[in-house]
Amino acid sequence: MRLKRLIPAALAATALLFSACQKAAETSEAETVADAAPAACERTSDPAAMAEAEARAIAAAEASRGSGQPAMWTMTDEDTTLYILGTVHLLRPDLEWRTPEIGAAIAAADTVVFEADTTSAEAGRELMKFFSSQGMFTDGTQLTSLLTEEEVAALNDALTEVGLPLEAVQPMRPWYAALNLSVMQMTSEGFDPASGVEMKIGAEAAGHGAAFDYLETVDQQLGEFARLDNCAQVEFLMMTAASLEEGVDLLDLLVSEWADGDAAGLGALMASPDSFGSDAAYEALLTNRNARWTPLIAAMLDEPGTRLIAVGAGHLVGEDSVIAMLRAEGYEVAGP
């Protein structure tokens, strides 16, 4: 197994948001112009170094053990309780992950906090607008104009794996094409957004009248992809395309580590630039967002009541996690 398989696992951090309005995004009218890029970009990744990093990450994850159930952290003061639960946005429908502790946290929550709104009509309009303006070229640029001949051939092979013609992604910017590839691969392997943790929590919480709040907007979340320069996006796309040849074994491993509550194992697999292909991608998709969320979560202690904060598990593990940032600020966070 090669480290390139880590990329779809990293992309799963926004897969639910992406898949919520995929059809609308593909058919919406383009609005703004994206910058073009040279036909060939200098690659920053070192395959040999990445293979070594992969071996270390997998060995560390396999040697580590969790509590046997998904990890949940708690912050409290005299009149506030915050439950912080790591989630997976797409899961196989037959996976049993709900525990009595998680059920109690859902039932107790006055407010459930997710990463971003993915279900309202307004969110659908925002997603459609974002994908058309930031995910598509609007000046006639073709995706393959950013790629070498070898990269075009590799991308075409990956598209064949998921049943898409090359023409379907030609108008897409590289980050958006990568998301399409990743989600299509995961869904073809049986991972379903409808079975994702947020979808299940949301339905149950709505049933007892809980309110909902969000840590970021569509622009903040997907904008981290769109604001990567074109060369970084192309590298991201090509690593994603390469991973399709080898299936979703690593995603299965990540889900297994999450279900076991193995925060150390998840951290080894996800919480490093190697897991995302580059420092730029790691900062954009993980650490920048963690830094934005940390003061927002800390401020929730000022409001009385009980909140359940459910965000992608990758944001809660490792040295750059939300949990680590909260603890570094002096907050007491009970949990792994």
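Further up the page is the structure itself.
The following paragraphs examine the structure supplied in this document. (Residues numbered from 1 in each chain as written. Predicted model: local features only at pLDDT ≥ 70, side-chain atom pairs only at ≥ 80, totals over all residues. Heavy atoms only, no water.)

**Quick look at the sheet that holds strand S5 (residues 305-312)**
To summarise the sheet geometry, strands pair through backbone hydrogen bonds and adopt either a parallel or an antiparallel arrangement. The test is simple: Two strands qualify as a pair provided that DSSP identifies no fewer than 2 bridges between them. The secondary structure listing takes helices from DSSP runs of H or I that are at least 4 residues long and strands from runs of E that are at least 2 residues long, numbered from the N terminus. Between N-to-C directions, angles span 0 to 180 degrees; the directions come from axes that are lines fitted to C-alpha atoms, helices contributing only their stretch in contact.
Taking strand neighbours across the sheet as the criterion, the five strands line up as S1-S2-S5-S3-S4 in an open arrangement whose pairing is mixed. The outermost strands of the open sheet, each flanked by one partner alone, are strand S1 (72-76) and strand S4 (211-214). Here the strands of the sheet are splayed against their neighbours by 20° on average, with no regard to which way each runs. Alignment of strand S3 (residues 111-114) against S5, held across three bridges, turns out to be parallel. Bridge pairing in S5 links valine 112 to leucine 308.

**Some words on the environment of alanine 206**
Within the secondary structure layout, alanine 206 lies in helix H10 (residues 197-207). Between the alpha carbons of alanine 206 and threonine 111 there is a distance of 9.7 Å; along the sequence they are 95 residues apart.

**Topic: the packing of aromatic side chains**
Filter applied, for reference: By convention, a stacked pair of Phe, Tyr or Trp rings (six-membered ring in the case of Trp) has centres within 6.5 Å and planes under 30 degrees apart, an edge-to-face pair has planes over 60 apart, and any other such pair is tilted. Burial classes: relative accessible area under 20% of the type maximum marks a residue as buried, over 50% as exposed, and values in between as partly exposed (1.4 Å probe, protein chains only).
Scanning the entire structure with this criterion turns up eight aromatic pairs. Each ring, one from phenylalanine 130 and one from tryptophan 175, has its centre 6.0 Å from the other, and the planes form 65°; the classification is edge-to-face. Remark: tryptophan 175 occurs in helix H9 (residues 174-188) and phenylalanine 130 occurs in helix H6 (residues 121-134); sequence separation between them is 45 residues. Assessed through its relative accessible area of 7%, phenylalanine 130 is described here as buried. Assessed through its relative accessible area of 1%, tryptophan 175 is described here as buried. Aromatic side chains phenylalanine 225 and phenylalanine 236 sit 6.0 Å apart centroid to centroid with 65° between the ring planes, which places their arrangement in the edge-to-face category. Taken together, the residues span a long stretch of sequence, with phenylalanine 225 in helix H11 (residues 218-226) and phenylalanine 236 in helix H12 (residues 230-243) at a distance of eleven residues. Since its relative accessible area comes to 4%, phenylalanine 236 is described here as buried. Among the aromatic residues, those joined into a cluster by ring pairs are Phe130, Phe131, Trp175, Tyr176, Phe225 and Phe236.

**Comments concerning the nonpolar core**
Worth spelling out the cut-off: Here the nonpolar core consists of buried residues drawn from Ala, Val, Leu, Ile, Met, Phe, Trp, Tyr and Cys, with membership extended through side-chain atoms lying within 4.5 Å. The contact criterion used is simple: two residues touch if any of their non-hydrogen atoms lie within 4.5 Å.
With 96 residues, the main nonpolar core has Leu155, Ile201 and Ile297 as its most contacted residues. The residues contacting isoleucine 201, other than those within four sequence positions of it, are Leu85, Trp97, Ile106, Val112, Phe114, Leu308 and Ala310.

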